[in-house]
Amino acid sequence: MARLQLNQLSKRYGDFFAASDVTLDVADGEFLVLLGPSGCGKTTTLRMIAGFIEPTSGMVRLGDNDVTRLPAWKRNTGLVFQSYALFPHLTVNQNVAFGLEMRKTPKAEADKRVAEALELVRLGHLGDRLPRQLSGGQQQRVALARALVFRPDVLLLDEPLSNLDAKLRQEVRVEIRRLQQALSLTTVMVTHDQEEALTMADRLVVMSEGKVRQVGTQRDLYERPADRFVAGFVGRSSFLEGSLETPDRFRTRGGLAVACRGTTPGPAGMALRPERVMVAPEPLAGADNDFPGEVEFVSYLGGLIDLHIRLSPADLVIAQIPNREEGFMPKAGDRVHVGWTVASASVFPGAGEDADPTDLPPA
Amino acid sequence: MTGLMGFDRRVIGRWALTTAAALTMLYILLPLISVIWLSFYRQEIPSFPPEGYSLHWYGVIAGNQRFVDGLLLSVQLGVSATAIGLAVGVPAALCLSRFRFPGREALNNVLLLPLMVPGVVLGTALYVFHVEAEIATGGNLPIIGSTLGLLSGHVLVVIPWIVRLVLASLAGFDRTLEEAAMNLGADRWTTFRRITMPGILPGVVAGAMFGFVASFGNLEMSLFLVGPGRTTLPIAILQYLEWKIDPSIAAVSVVQIVLIGAAMLITDRFVKISRVV
């Protein structure tokens with residue numbers, strides 16, 4: 001395994017940048033997840049690492065080698081495709097052996113390693129089957145064994161779980177992570193599923209419109225989102241629009257003065273995590289901010305309850321509260337108090353025209 | 001009441017379907033059956049009912065040098081034309097399905113054209129072309145009536161079948177398999193040989209098969225291209241029929257049917273033709 005570095009990697013089609021200035025450093029043995037909506041450039045980036053797309057500019061380094069201009073078959077990467085791409089006319093053993101055969105590994109050695117790789121994914125007994133005789137989950141494990149058996153410098157996973165049903169997905173998620181840690185595999189995975197990303201990654205890369213928006217741990221992204229996009233895409237946020245009057249006072253469109261930790265004054269937006277918004281029948285002690293409001297809408301999610309609370313004609317926040325037996329349980333139309341601490345709100349400069357769907361227009 | 005009506009309707013429907021299917025099968029098989037039957041007649045005049053049965057006519061055709069030579073030439077032509085057709089048609093189909101280039105649609109149509117043009121027209125056109133070519137080269141290119149000229153015509157007949165069936169195979173071929181192979185260390189040629197080719201093999205084999213049959217049975221175009229003393233089997237049969245009708249013609253036809261049928265069955269053992277055609 002090896003370190004993987006991308007340096008200002010870009011891919012341009014005409015005027016359109018499928019990926020633009022992607023710079024990443026994946027440490028040896030690290031599990032990095034590229035996360036973003038479809039068309040954000042994550043798959044383009046993965047395919048540039050694998051060598052299927054030639055970058056317009058920039059560099060890909062694998063270990064000590066610049067592989068930017070090497071064809072796919074001369075790079076030592078193991079890719080698990082979304083569709084698994086098992087060779088239908090070859091048995092499981094032959095599929096897994098393919099990479100070793102291309103590397104001219106002696107037969108005896110190859111047989112041994114194929115058996116080990118299949119044992120690793122617990123499919124040792126199915127070596128003589130054809131891919132079509134396997135279930136989706138088994139095919140996925142064969143694809144994984146095939147990508148690992150020749151000891152690639154980096155393991156690449158392209159939405160590897162998207163074709164599995166929900167229950168299996170949980171299992172495979174754990175299994176891949178276990179393997180990755182046991183073998184200390186440098187891994188880059190692409191997904192649009194944030195739960196998948198959050199549970200598997202050492203570090204995440206949030207991408208949108210071909211650009212890297214933020215790189216960091218789960219906690220970094222959630223607690224300190226770099227911009228509105230990340231705040232809306234990783235976890236949920238409700239947004240208050242307005243402007244920063246002083247670095248520590250935000251004025252909403254509806255005229256509320258909110259204590260915050262901001263930077264330069266000017267138009268800005270404030271993102272609030274629903275579970276960090278406190279709701280009580282009485283004014284809140286302890287909170288840096290406290291506003292009266294009216295519950296407009298309640299959605300019952302089982303263990304949790306979502307409340308849409310209007311603070312002013314132009315300001316709406318979403319609060320998520322636990323569903324407790326003895327707890328406070330407001331209904332639509334109730335007057336409540338809403339509060340949050342300075343530390344739990346993020347302020348982003350600029351007017352929010354690319355507003356999040358949870359940011360409802362003023363009534 | 002309605003239950004009974006529904007039952008009746010279903011029975012009638014099934015009966016109608018079976019009858020229609022049986023009639024169609026009969027329509028297709030009857031000529032074949034009568035030819036096979038006729039080939040075993042003892043008498044020379046193919047009249048009904050037969051006076052008795054024998055293998056006499058099979059002996060007659062085996063002793064007829066024109067039929068034997070015709071069969072050999074037809075097989076040689078079919079095999080060579082198919083081989084050349086594969087060498088041209090498979091790469092052509094790959095280009096047509098993989099690349100977007102100006103004139104792609106036109107090229108596609110040109111490659112399928114020999115299938116639409118009547119054999120007589122194709123034969124006339126090739127003949128005129130051969131004549132012109134010989135005149136233009138001052139007789140240095142003796143192509144009229146040559147085996148090479150005949151072969152080039154048969155290649156034309158074979159190519160559309162191969163292109164068409166390989167294209168159909170390629171449309172159903174998952175290209176991420178090729179990427180997977182390259183990711184595992186296979187260069188382009190190895191990927192084609194080990195992954196693409198096995199994937200499109202049913203189309204290639206079926207295309208070769210149909211191409212061979214088209215060449216083997218071709219009469220109209222070949223009439224214009226054969227030289228003196230060199231006739232294909234269909235032409236030999238036609239020439240024989242011009243002055244004589246006896247069961248030996250039926251026997252020759254049976255030999256053809258058996259050859260083609262055997263080729264189909266053998267092919268089908270390796271690749272399911274019904275999956276491509």
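A short tour of the structure in this document, coming up. (Residues numbered from 1 in each chain as written. Chains lettered and ligands numbered in written order. Predicted model: local features only at pLDDT ≥ 70, side-chain atom pairs only at ≥ 80, totals over all residues. Heavy atoms only, no water.)

Time to look at empty space enclosed by the protein. Residues and elements named next belong to chain A. Evaluation of the coordinates by the stated rule reveals two cavities of 30 Å³ or more. Taken as a whole, the largest cavity holds about 80 Å³ of empty space. Looking at the largest cavity, the residues that line it are Tyr222, Glu223, Pro225, Ala231, Ser237, Ala271, Leu272, Arg273, Arg276, Ala343, Ser344 and Ser346. Breaking the lining of the largest cavity down by element, the ones donating at least two residues are α7 (218-223) and β14 (266-272). (1 Å grid on protein atoms, 1.4 Å probe; cavity = no way out; pocket = protein on both sides within 12 Å on 5 of 7 lines; lining within 4 Å. Points joined across faces, edges and corners; volume = space filled by probe spheres on them. Helix = DSSP H or I, 4+ residues; strand = E, 2+ residues; numbered from the N terminus.)

Facing 22 residues of chain A, the contacting portion of chain B comprises 17 residues. Together chain A and chain B conceal approximately 1700 Å² of surface at their shared face, both sides included; 65% is due to carbon and sulfur atoms. Our enumeration of links across chain A and chain B arrives at two salt bridges. In this structure, the salt-bridge partner of Arg194 of chain B is Glu101 of chain A, at a minimum N-O distance of 2.5 Å. The tally of links between chain A and chain B comes to seven residue pairs in polar contact (both at pLDDT 80 or more). (Contact = heavy atoms within 4.5 Å. Buried area = accessible area lost by both parts, 1.4 Å probe. Salt bridge = Lys/Arg side-chain N within 4 Å of Asp/Glu carboxyl O. Polar contact = N/O pair within 3.5 Å; in protein donor to acceptor, adjacent residues only side chain to side chain.)

What follows covers the sheet that holds strand β7 (residues 154-158) of chain A. Residues and elements named next belong to chain A. Strand order in the open sheet formed by six strands is β6-β7-β8-β3-β9-β10, with mixed pairing between adjacent strands. One side of each edge strand has no neighbouring strand; the edge strands of this open sheet are β6 (77-80) and β10 (211-216). Across the sheet, the axes of successive neighbouring strands diverge by a mean angle of 20 degrees, strand direction being ignored. In this structure, strand β3 (residues 31-35) lies alongside strand β8 (residues 187-191), joined through five bridges in parallel fashion. Within β8, the position partnered with Phe31 by the bridge is Thr187. (Pairing = 2+ DSSP bridges. Axes fitted to C-alpha atoms, helices over the stretch in contact; angles between N-to-C directions.)

It is worth spelling out the pattern of salt bridges at this point. A full pass over the atoms with the stated rule returns 27 salt bridges over all chains. Residue Lys167 of chain A is joined to Glu171 of chain A by a salt bridge in which the shortest nitrogen-to-oxygen separation is 3.1 Å. Of this pair, Lys167 of chain A and Glu171 of chain A both sit in helix α5 (residues 166-182), separated by four residues, roughly a single helical turn. Between Arg175 of chain B and Glu178 of chain B there is a salt bridge, and its shortest N-O distance comes to 3.2 Å. Using a relative accessible area of 5% as the deciding quantity, one classes Glu178 of chain B as buried. One connected set of salt bridges, linked through shared partners, spans Arg122, Arg141 and Glu175 of chain A. (Buried < 20%, exposed > 50% of the residue type's maximum accessible area, 1.4 Å probe, protein only.)

All names here are of chain A. Spatially, β2-β1-β4-β5 is the arrangement adopted by the four strands of the open sheet, whose pairing is antiparallel. Here the strands that pair on one side only, and so sit at the sheet edges, are β2 (16-26) and β5 (65-66). Pairing geometry for strand β1 (residues 4-13) and β2, over seven bridges, is antiparallel. Across the sheet, Leu9 pairs through a bridge with Val22, a residue of β2.

This part covers the packing of aromatic side chains. All names here are of chain B. Enumeration over the complete set of coordinates arrives at eleven aromatic pairs over all chains. Ring centres 6.0 Å apart and planes at 90 degrees place the aromatic pair Trp37 and Tyr41 in the edge-to-face group. When its relative accessible area of 35% is taken as the criterion, Trp37 is described as partly exposed. With a relative accessible area of 6%, Tyr41 lands in the buried category. Taken together, a centroid distance of 5.9 Å and an interplanar angle of 25 degrees make the contact between Trp189 and Phe192 stacked. Here Trp189 pairs with Phe192, and both are found in helix α8 (residues 188-216), just three residues apart, close to one helical turn. With relative accessibility at 57%, the residue Trp189 sits in the exposed group. Taken together, the ring pairs in this structure connect Phe67, Tyr240 and Trp243 into an aromatic cluster. Lying over the aromatic face of Trp161, Arg164 brings its terminal NZ or CZ to 5.6 Å of the ring centre. (Phe/Tyr/Trp six-rings, centres within 6.5 Å; stacked < 30°, edge-to-face > 60°. Lys NZ or Arg CZ within 6 Å of the ring centre and 35° of its normal.)

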